[in-house]
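Examination of the molecular architecture
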Amino acid sequence: MTFAPDTRTATLPTQSTYQNRVADYWNAEENPVNLELGRVDDLYHHHYGIGEADWTVLQEDDPELRRARLTAELHRLEHAQAELLAGYLGRLTPQDRVFDAGCGRGGGSVTAHLRYGCHADGVTISAKQAEFAGAQARKRGIDDKVRYHHRNMLDTGFETGAYAASWNNESTMYVELDLLFAEHSRLLRRGGRYVTITGCYNDTYGRASREVSLINAHYICDIHPRSEYFRAMARNRLVPVHVADLTEAAIPYWELRRQADHLVTGIEDTFLDAYRNGSFQYLLIAADRV
Ligand code: SAH
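Not measured: the values here are computed from a predicted model. (Residues numbered from 1 in each chain as written. Predicted model: local features only at pLDDT ≥ 70, side-chain atom pairs only at ≥ 80, totals over all residues. Heavy atoms only, no water.)

**Overview of the overall build of the chain**
Note the cut-off: Elements are defined by DSSP. Helices are runs of H or I of four residues or more, strands are runs of E of two residues or more, and each kind is numbered from the N terminus. Radius of gyration: C-alpha atoms only; globule rule: 2.2 Å multiplied by the number of residues to the exponent 0.38. In this scheme, a residue with accessible area under 20% of its type's maximum is buried, one over 50% is exposed, and one in between is partly exposed, where area comes from a 1.4 Å probe on protein chains only. The Shrake-Rupley method, run with a 1.4 Å probe, gives the accessible areas here. Residue values count only the displayed protein chains as cover. Counted charges follow a simple rule, with Lys and Arg positive, Asp and Glu negative, and His plus the chain ends left uncounted. Here the site of a charge means atom NZ of a Lys, CZ of an Arg, CG of an Asp or CD of a Glu.
In terms of helices and strands, the chain carries 10 helices and seven strands. Computed over the C-alpha atoms, the radius of gyration of the chain is 19 Å, within 12% of the 19 Å expected from 2.2 N^0.38 for a compact globule of 290 residues. The dimensions of the chain, computed from C-alpha atoms along their principal axes, are 80 × 50 × 40 Å. The buried share among the 290 residues of the chain stands at 53%. Accessible surface for the chain amounts to roughly 13,200 Å². Of this, 51% is attributable to carbon and sulfur atoms. Averaged over its 32 positive side-chain charges, the chain has a centre that lies 6 Å from the centre of its 40 negative ones.

**Focus: the site of the ligand**
Selection rule: Being near a molecule or strand, for a residue, comes down to having at least one heavy atom within 4 Å of it. As a working rule, the residues Ala, Val, Leu, Ile, Met, Phe, Trp, Tyr, Cys and Pro are called nonpolar, Asp, Glu, Lys and Arg charged, and the rest polar, with Gly in that last group.
Taken together, 22 residues form the shell around the ligand, and within it H46, H47, G102, Q129 and N169 come nearest. Taking 570 Å² as the accessible area of the ligand by itself, protein coverage stands at 98%. At the level of secondary structure, the elements contributing two or more residues to the shell around the ligand comprise helix 1 (17–28) and strand 2 (119–124). With three residues, helix 1 is the largest single contributor of residues to the shell around the ligand. By residue class, the composition of the shell around the ligand is eight nonpolar, 12 polar and two charged.

**A look at the side chain of N34**
In plain terms, the rule: Polar contact is defined as a pair of N or O atoms within 3.5 Å, subject to the rule that within protein one atom must be able to donate a hydrogen and the other to accept it, and that residues adjacent in sequence are counted only when both atoms are side-chain atoms. We call two residues in contact whenever any of their non-hydrogen atoms come within 4.5 Å of each other.
Note on placement: N34 falls in helix 2 (residues 32–39). A relative accessible area of 9% places N34 in the buried class. A polar side-chain atom of N34 sits 2.7 Å from a polar atom in the side chain of E29. Those residues in contact with N34, other than ones at most four positions away along the chain, are W26, E29, Y44, H45, H46 and R105.

**Observations concerning the nonpolar core**
The condition that has to hold: What makes a nonpolar core is a set of buried Ala, Val, Leu, Ile, Met, Phe, Trp, Tyr and Cys residues whose side-chain atoms join them at distances within 4.5 Å.
In this structure, L89, F181 and F271 are the most contacted members of the largest nonpolar core, which totals 82 residues. For this core, the element with the most residues is strand 7 (residues 280–289), which contributes seven residues. When near neighbours in sequence (up to four residues on either side) are disregarded, F271 contacts Y48, I215, Y219, W254 and F280.

**Focus: unusual backbone geometry**
For I220, which is not glycine, the phi torsion reads 55 degrees and is therefore positive. Here I220 shows up in the loop between helix 7 (210–219) and helix 8 (226–235). A relative accessible area of 32% means that I220 is categorised as partly exposed. Backbone geometry places R237, a non-glycine residue, at a positive phi of 60 degrees. Here R237 shows up in the loop between helix 8 and strand 6 (238–245).

Everything listed is a geometric property; what it means functionally is a separate question.
Okay, structure coming up:
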């Protein structure tokens, strides 16, 4: 007796239903806070910001000017975060490759390239973002070194051990950490550097607070506890070398953003409450691949 070949495994989607929903979200996303800030200097960041803010922007009487100054100031704080992360990537040369996992509209890869001259591969699950970021790289004339791919960061298909550094800037909450760190560990050469900046829930608070759950619902994500980062890194040959609690440094950005009527998305007070009630932390972790 013969059977028709079982083609079911061959047609399995490379993305889970959940990942399809995340892709739908980012394909449709056109929040002014993500687009208007990027237009300031064509560096598109979809993360938050750190550092002290210039509060004088709020005293600006002219409404047009106030909007423009608020936009520029929030962009400055977001870019400060990208630069902070890039500063932890280690001593990179123009020959090195870096992997930007969950790259959004591409600002992080450009930041690393401008700083080190390195090759960068950005990966996003959103086809639209990859296309947008690629067009930006072409516009800057850096598309020979900075490339964007519509792929799953858990399963990139990139070359094993080919990367000197890799990172997740606010994109770890969309995936299982063990699967994510296994892929970073595979891609990084021995002695390579991994960096993440992420919101995590604070184990000392207990479980995820109401605010953390609201943030999860808002972005369709699943914020991990702080402890899970270190467990999953240890299981995947990633040894932390720097850990910084950026929670305090993140607050001015949110305070300013909540007063930017043209940019708010409605989640601002939830972030501030979550940081202030101790249930949520903003963390930078840099680790070496051993
Ligand atoms: N790191 C970027 C964007 C952060 S927003 C920045 O700093 O600007 C979160 C990003 O994670 C989005 O680009 C989204 O498409 C991406 N993402 C979520 N799940 C993913 C997955 N499984 N594979 C690749 N990218 C993913």
